[in-house]
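Each chain, written out:
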2 protein chains.
Amino acid sequence: MAAPAQNLRINGDRLWDSLMEMAKIGPGVAGGNNRQTLTDEDAEGRALFQKWCEDAGCTMGLDQMGNMFARREGTDPEALPVYVGSHLDTQPTGGKYDGVLGVLGGLEVIRTLNDLGIKTRHPIVATNWTNEEGTRYAPAMLSSGVFAGVHAQDWAYDREDAEGKKFGDELQRIGWRGDEEVGARKMHAFFELHIEQGPILEAEGKDIGVVTHGQGLSWTQVTVTGKDAHTGSTPMPMRKNAGLAMARILEKVDEIAWSNAPHAVGAAGHIDVYPNSRNVIPGKVVFTVDFRSPDLDVITDMENRLRVAAEDIVDKMGLQIEFEKVGGFDPVKFDDGCVAAVRDAAERLGFSHTDIISGAGHDACWINRVAPTAMVMCPCVDGLSHNEAEDISKEWAAAGADVLFHAVVETAEIVE
Amino acid sequence: MAAPAQNLRINGDRLWDSLMEMAKIGPGVAGGNNRQTLTDEDAEGRALFQKWCEDAGCTMGLDQMGNMFARREGTDPEALPVYVGSHLDTQPTGGKYDGVLGVLGGLEVIRTLNDLGIKTRHPIVATNWTNEEGTRYAPAMLSSGVFAGVHAQDWAYDREDAEGKKFGDELQRIGWRGDEEVGARKMHAFFELHIEQGPILEAEGKDIGVVTHGQGLSWTQVTVTGKDAHTGSTPMPMRKNAGLAMARILEKVDEIAWSNAPHAVGAAGHIDVYPNSRNVIPGKVVFTVDFRSPDLDVITDMENRLRVAAEDIVDKMGLQIEFEKVGGFDPVKFDDGCVAAVRDAAERLGFSHTDIISGAGHDACWINRVAPTAMVMCPCVDGLSHNEAEDISKEWAAAGADVLFHAVVETAEIVE
């Protein structure tokens, strides 16, 4: 494959201006965005993206999940397209870059090719996946999941938001339900540029993260049952303190994660204590243990060690415990060739870079099941995301898009 | 003082019937009661108590906090009365016995004296203290607190419920604000019969608890601040997990309480985790540590050890911590003479008994500041209270009231 010359760069100012323009749609209350999936604001954002794509000479495809595909033709009618994109929907208190950078980065690849009059053998398709965030309609990455065959389309249509409105009905209502069969498209490769949503790149002073794996995830909801009792009139030996059992289990969760350093992590973000009164010993605690690792065997081992350790803790205290697996997905290993294309691009362009494991889920994690896939990450300030204060610099965005451009265009093959 | 003869007993059936009759006012949803202070149901319960007292030949006094004083005259015009009582108000999901047993037990003392034609040198006054529970108007034991000079009356009147209604206005509205100056009455002694609200008597198979002390209490609200971060994309060494710090502090709370066995206790019943989301490492946790002991030095020492240990834990983790003392009262040592009267009565009547420390607060804890005071406790099933399922047997109630009768009447001195 012919790699682009080192001096080929995207237009960082134009990319930034587009990011700022898109951010005007569905503004948040604190400088970020509230452009949740299948809202009127989502429709408005989609229309702007479509206009920009058509202005760039693309033709827009739309499938039955509302996934958008803006195609720039290649020279070889037989060659499968290289796809590049992410998502335009945001969290209710989301930032301006999570997802949007990857979609507009894909558009910028096409705009730059147009600027330079470069032809590629493979078509290039800038993509917007519907409902990556999963806040309004769980689960996250819903439509890339249907595309990759992970979820059934009917099941996806039946998902309900907090007001009982169904996904399928809302997709129809906003006018972005297409006719195209979901997942029928075949891809030569898929690339996704995304902000890191973690602190590693900034802390290490790296311009680019070359994403080699996606963390696998296991959510175990733990319910410890003791006995509500008065904090004053219950002697220590007669207590069945579910809160204390939880404390001991949380210490074990930390120990188990550290024993699988450096890539495994573990914590409990969700903790509900009942009845949660200052003068009542907790009779019940419900909490969710989040374990992640790029290695499925490690995840399974951590789950098992948690159960054994927690049962031992509650047995000694005379309490009861129940475990429920409430979420999970397997680790992702991205395509060696696509990952190498990203790493080579960063190297060629002179950006500092490091291999990185994505801790969050992304559309690329599902698409990796049906096409050779890789991701490019750029830093974000303080690792902050899913927050209106989410921030990146124009230079970080441009560096990420430059690497995306080179990886995509090398894979799509420049026609000399 | 002349002690009543061993064969003098209260009428256990009548006491039980009165308990059941009072429980019809302000019924709960699960077999208990919702007769919160200064509601229409409270007024109805007061009216029934007044009618019963007047039927027993008493005259009713009413002070400016709504405290009720039903007086049976003594033979000596100079002798101060012996007071006996508790409270008629309940928790929103309260039981039929917490407080009510002590008020109707006081009435049963008077009824039994009437049955037997016994005269006492000291008058006997059956008492209902307003707003012991503190659920609608914090703090608990509000009106006995004003009586004992712990709280100012104006401050008490300004307490607001969740709807913003003031205590003073609601007391006026239900028609139970009296003219009598609060705390002007002088007492020869005060006795309170109460269910244990703990598991000790039932577990030890004792009929009677002779309450020697009230636990002192210290509530320290602890706020640990770390940093919200994604559970997937934040490496273990970069986490500022406030939930894990809380877990470590809770283990210390337990250790500190056990090190002051057997009387000290410690736990956290209130725990709030922020933002409490499965995929966000807790950036903040707020929880309240409840320490109790009958020894003020032990309480102070436990508070200090908590602060030192917790600061050490968060320092090592790079987090911040704040402490706020949000509640407390000093331990109570009841009057030796009154306590002996209770113990002697239990012994004389042939009931099994044990000295016990009250873990909960009671009106007697405040009245002890202004009069010689003691408490009698009877068991309750499973130590359960502040719950509609709160339960005692007719025999337990009768035994408690028998001991109350003997202690009160011995103190009031039978006139032969």
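One structure accompanies this document, and this report is about it.

What counts as what
- Residues numbered from 1 in each chain as written.
- Chains lettered and ligands numbered in written order.
- Predicted model: local features only at pLDDT ≥ 70, side-chain atom pairs only at ≥ 80, totals over all residues.
- Heavy atoms only, no water.
- Contact = heavy atoms within 4.5 Å.
- Buried area = accessible area lost by both parts, 1.4 Å probe.
- Salt bridge = Lys/Arg side-chain N within 4 Å of Asp/Glu carboxyl O.
- Polar contact = N/O pair within 3.5 Å; in protein donor to acceptor, adjacent residues only side chain to side chain.
- Helix = DSSP H or I, 4+ residues; strand = E, 2+ residues; numbered from the N terminus.
- Expected span 1.5 Å × (residues − 1).
- Buried < 20%, exposed > 50% of the residue type's maximum accessible area, 1.4 Å probe, protein only.
- Arc of directions from axis to C-beta.
- Axes fitted to C-alpha atoms, helices over the stretch in contact; angles between N-to-C directions.
- Parallel < 35°, antiparallel > 145°, perpendicular 65-115°, else oblique.
- Left-handed = near helix turned anticlockwise from the far one by under 90°.
- Nonpolar A, V, L, I, M, F, W, Y, C, P; charged D, E, K, R; others polar.

## So, the interface of chain B and chain A
Here's step 1: Listed by partner, the interface residues are 55 residues for chain B and 55 residues for chain A.
Here's step 2: With both chains or domains summed, chain B and chain A bury close to 4,500 Å², and 60% of this area falls on carbon and sulfur atoms.
Here's step 3: Summed over the three residues of chain B that lose the most area to chain A, namely Met236, Gly269 and Arg278 of chain B, the buried surface amounts to 17% of that side.
Here's step 4: Inspection of the chain B/chain A interface yields four salt bridges.
Here's step 5: For the salt bridge of Asp254 of chain A with Arg248 of chain B, the shortest nitrogen-to-oxygen distance reads 3.2 Å.
Here's step 6: Taken together, the links from chain B to chain A amount to 24 residue pairs in polar contact (both at pLDDT 80 or more).
Here's step 7: When residues of the side of chain B that touches chain A are traced back to their parent elements, those giving at least two are α7 (200–204), β8 (216–225), α8 (242–258), β10 (265–274), β11 (280–281) and β12 (284–293) of chain B.

## Quick word on helix α9 (residues 296–317) of chain A
All names here are of chain A.
Here's step 1: Under the 1.5 Å per step criterion, the end-to-end length of α9 is 32 Å for 22 residues, consistent within 8% with the ideal 32 Å.
Here's step 2: Those residues of α9 lying buried are Val298, Ile299, Met302, Glu303, Leu306, Ala309, Ala310, Ile313, Val314 and Met317. Relative to the axis of α9, the buried residues are bounded by an arc of 145 degrees and lie together on one face. Exposed residues pointing more than 90 degrees away from the buried face of α9 are listed as Asp297, Val308, Asp315 and Lys316.

## Description of the packing of helix α8 (residues 242–258) of chain A against α8 of chain B
Here's step 1: Axis separation between α8 of chain A and α8 of chain B bottoms out at 8 Å; the angle between their running directions is 130 degrees. With respect to their mutual orientation, α8 of chain A and α8 of chain B come out oblique. Crossing geometry of α8 of chain A relative to α8 of chain B is assigned as left-handed. In contact with Gly243, Leu244, Met246, Ala247, Arg248, Leu250, Glu251 and Asp254 of chain A of α8 of chain A, α8 of chain B contributes Gly243, Leu244, Met246, Ala247, Arg248, Leu250, Glu251 and Asp254 of chain B.
Here's step 2: Here the residues of the contact of α8 of chain A with α8 of chain B sort into eight nonpolar, two polar and six charged.

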